[in-house]
Amino acid sequence: MARIIVITSGKGGVGKTTTSAALSMGLAQRGKRTVVIDFDVGLRNLDLIMGCERRVVYDFVNVINKEANLNQALIRDKRCDHLYVLPASQTRDKDALTKEGVERVLNELTQNHDFIICDSPAGIEHGATMAMYFADDAIVVTNPEVSSVRDSDRMLGILSSRSRRAENSEEPIREYLLLTRYDPYRVLSGEMLSVDDVQEILSLNLLGVIPESKAVLSASNAGVPVILDRESDAGRAYNDMVSRYLGEDVPHRFLNPEKKGFLSRLFRG
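Residues numbered from 1 in each chain as written. Predicted model: local features only at pLDDT ≥ 70, side-chain atom pairs only at ≥ 80, totals over all residues. Heavy atoms only, no water.

Engineer: I'd like to hear about unusual backbone geometry, residue by residue, with values.
Structural biologist: Unusually for a residue other than glycine, Lys66 sits at a positive phi of about 60 degrees. One can find Lys66 in the loop between α3 (60-64) and α4 (70-73). Note on Lys66: relative accessible area 65%, which makes it exposed. Positive phi is not limited to glycine here, since Phe254 has a value of about 65 degrees. Relative to the assigned elements, Phe254 resides in the loop between α12 (233-245) and α13 (262-266). Note on Phe254: relative accessible area 19%, which makes it buried. (Helix = DSSP H or I, 4+ residues; strand = E, 2+ residues; numbered from the N terminus. Buried < 20%, exposed > 50% of the residue type's maximum accessible area, 1.4 Å probe, protein only.)

Written as structure tokens, this is what we have:
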């Protein structure tokens, strides 16, 4: 049986799709049969970040409406044979995601995959609730700012009460925290919440801290998951995140300012 993971947040622009692409690629590179689904009907971006936008013929809604079968809609990643992308529709309404239709597609995917990554829209609109409902695990993505953390706290309440697991009185969704766009220098200056501040508010298992990095934008523009850029801090941090999710004991990096040498300190600024 596949493990269904939802990537969610209360606020937009925090890096959910970047995280979905990185996590799915990282799992697939480790030999896990993985599919990543874009639940943001009408505003799809996952295919762009995965670099397969020109290969989209059928989408998630086509499969739900039985206008195409799953094999027709799934796009195999050219860089990793274990990874598939199921894009969202750009022309349909979010209400096209019916609970019965989503469940049918997920049930079919679980037969041949180890992990199903659900790239959720922000907040609590219909696409987001559909992505969360069937989840086994949830990765809550937040920036280290008060409004983002507060909105994430609200999402935790929804995850614990509106999921299939909650309705059936099953084991709760496993919840993880991913902190993105972290800048330890701004933390020191008081412009940004620290890791400890965020954990104190959300009380979640810290899966990773992704540093602020220009590599994220560069990778997105190139249609390449940033986890493939092993020279960048962000790429290495996402790789660490995947390792921790799979149960490896990996220390957190990029939490503190880099220690600079004498000349760097002498000529700073």
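Still to come is the rest of the account.
Engineer: Account for the packing of helix α7 (residues 146-161) against helix α10 (residues 195-202), naming residues and giving values.
Structural biologist: For the pair α7 and α10, interaxial distance at closest approach is 10 Å and the crossing angle is 30 degrees. Handedness of the crossing formed by α7 with α10: right-handed. Judged by residue contacts, Val149, Ser152, Asp153 and Leu156 of α7 engage Val198, Ile201 and Leu202 from α10. Considering only residue class, the contact of α7 with α10 consists of 5 nonpolar, 1 polar and 1 charged. (Axes fitted to C-alpha atoms, helices over the stretch in contact; angles between N-to-C directions. Left-handed = near helix turned anticlockwise from the far one by under 90°. Contact = heavy atoms within 4.5 Å. Nonpolar A, V, L, I, M, F, W, Y, C, P; charged D, E, K, R; others polar.)

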